[in-house]
Amino acid sequence: MSIYKDEVIVKTAADKPTYVNITIDVSQAVEKSGIKEGIVAVISEHTTCAVYSDEYDHDRTPDGDTFLQADLSDGLEKIFPEQHDWKTYRYPGVVHFSEVESWPNVDSYLPNGDRTMLWNGDAHLRSTLIGGSQIFEVAKGKLQMNGLASIFFADFDRTRERVRKIRVIVLGD
């Protein structure tokens, strides 16, 4: 059995969930791997992000999201509303703030000591619900996706722009 590892880097926006179609990136990693039969795991490194498969939708909202992405965001908003105050969720608590404030790179998490930058409990819960990884089939050296099926990376943390990493691990022969 062979193992091939790769990564996909994406930039995400602030103020709304970011959805990125990574199907081509995953397909290219599979082809570079040289593995003909096996599986490919697609894994988010981030606890406020998810990986999922859905149909590629051609219609778009004025914000640029596909209709399925906008519908997903609307549904998740009903389950886990955006965190805009200290009362929405228990997270983040005082102990967590103290821990983050002790980190050497605290300014990247709490710019100017702004604790509201950690108001992302909704993002953590949404990514937990959707899931941080997916596994797909590799056959005849190709990613096996049917018709309009696509692989999406979603960053539900709207507190600031970020650079995110997705691991792609191909296993097989």
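This text follows the structure it describes.
Since we're looking at a predicted model, the values are computed, not measured.

**Student:** Quick one: what's the story with the overall build of the chain, residue by residue and with numbers?
**Tutor:** Of regular secondary structure, the chain possesses five helices and eight strands. Dimensions along the principal axes, computed over C-alpha positions, put the chain at roughly 50 × 40 × 20 Å. In the chain, the proportion of contacts linking residues at least 24 apart, taken out of those at least 6 apart, comes to 81%. Summing over all exposed atoms, the chain offers an accessible surface of approximately 9,600 Å²; the carbon and sulfur share of this is 52%. Here the chain contributes 19 positively and 28 negatively charged side chains, and the mean placements of these two sets differ by 4 Å.

**Student:** Break down the packing of aromatic side chains for me, with residues and values.
**Tutor:** Evaluation of the coordinates by the stated rule reveals six aromatic pairs. Each ring, one from Tyr-19 and one from Tyr-52, has its centre 6.5 Å from the other, and the planes form 90°; the classification is edge-to-face. Highlighted residues: Tyr-19 in strand β2 (residues 18-21) and Tyr-52 in strand β4 (residues 49-55), separated in sequence by 33 residues. Residue Tyr-19 is classed as buried on the basis of its relative accessible area of 11%. By relative accessible area, Tyr-52 is classed as buried at 9%. Between the aromatic rings of Tyr-52 and Phe-152, the centroid separation amounts to 5.5 Å while the plane-to-plane angle is 25°, which identifies the pairing as stacked. Of this pair, Tyr-52 sits in strand β4 while Phe-152 is found in strand β7 (residues 149-155), placing the two residues 100 residues apart along the sequence. Using a relative accessible area of 3% as the deciding quantity, one classes Phe-152 as buried.

**Student:** So, the layout of surface pockets: which residues are in play, and what are the values?
**Tutor:** Considered as a void within the structure, the largest pocket measures approximately 280 Å³ in volume. Taken together, 16 residues make up the lining of the largest pocket; nearest its centre are Tyr-109, Asn-120, Arg-160, Arg-162 and Arg-164.

**Student:** Can you tell me about helix α2 (residues 67-79), naming the residues and giving the values?
**Tutor:** For α2, built from 13 residues, the straight-helix expectation of 18 Å at 1.5 Å per residue is met to within 8% by its first-to-last C-alpha distance of 19 Å. Turning to α2, its buried residues are Gln-69, Ala-70, Ser-73 and Leu-76. An end-on view of α2 places all buried positions within 130° of arc, on one side of the element. α2 presents Asp-71 and Lys-78 as exposed residues on the side facing more than 90 degrees away from its buried surface. Tucked into the core, α2 has its buried residues touching β2, β4, α5 (121-130) and β7.

**Student:** Provide a residue-level description of the environment of Ile-39, including the pertinent values.
**Tutor:** Looking at the secondary structure, you find Ile-39 in strand β3 (residues 38-44). For Ile-39, the contacting residues outside a window of four places in its chain are Ile-135, Phe-136, Val-138, Ile-169, Val-170 and Leu-171.

**Student:** Explain unusual backbone geometry residue by residue, including any values.
**Tutor:** Here the bond from Tyr-91 into Pro-92 is cis, since omega is -10°, no more than 30 degrees from zero. The residue Pro-92 is located in the loop between α2 and α3 (94-101) in this model. A positive phi is found at Asp-15, a non-glycine position, where the angle reads about 75°. Counting through the fold element by element, Asp-15 comes out in the loop between β1 (2-12) and β2. Exposure remark for Asp-15: the relative accessible area of 67% places this residue in the exposed category.

**Student:** So what's going on with the sheet that holds β4? Which residues, and what values?
**Tutor:** Across the sheet, three strands lie side by side as β2-β7-β4; this open sheet has antiparallel pairing. The open sheet has two edge strands, β2 and β4, and neither has a second partner. Ignoring strand direction, the axes of neighbouring strands in this sheet form an average angle of 30°. On top of the sheet, α2 reaches β2, β4 and β7; it is set at about 130° to β4, its chief contact.

About the thresholds
Residues numbered from 1 in each chain as written. Predicted model: local features only at pLDDT ≥ 70, side-chain atom pairs only at ≥ 80, totals over all residues. Heavy atoms only, no water. Helix = DSSP H or I, 4+ residues; strand = E, 2+ residues; numbered from the N terminus. Contact = heavy atoms within 4.5 Å. Areas by Shrake-Rupley, 256 points an atom, 1.4 Å probe, with all protein chains shown as cover. Lys, Arg positive; Asp, Glu negative; His and termini not counted. Charge placed at Lys NZ, Arg CZ, Asp CG, Glu CD. Phe/Tyr/Trp six-rings, centres within 6.5 Å; stacked < 30°, edge-to-face > 60°. Buried < 20%, exposed > 50% of the residue type's maximum accessible area, 1.4 Å probe, protein only. 1 Å grid on protein atoms, 1.4 Å probe; cavity = no way out; pocket = protein on both sides within 12 Å on 5 of 7 lines; lining within 4 Å. Points joined across faces, edges and corners; volume = space filled by probe spheres on them. Expected span 1.5 Å × (residues − 1). Arc of directions from axis to C-beta. Pairing = 2+ DSSP bridges. Axes fitted to C-alpha atoms, helices over the stretch in contact; angles between N-to-C directions.

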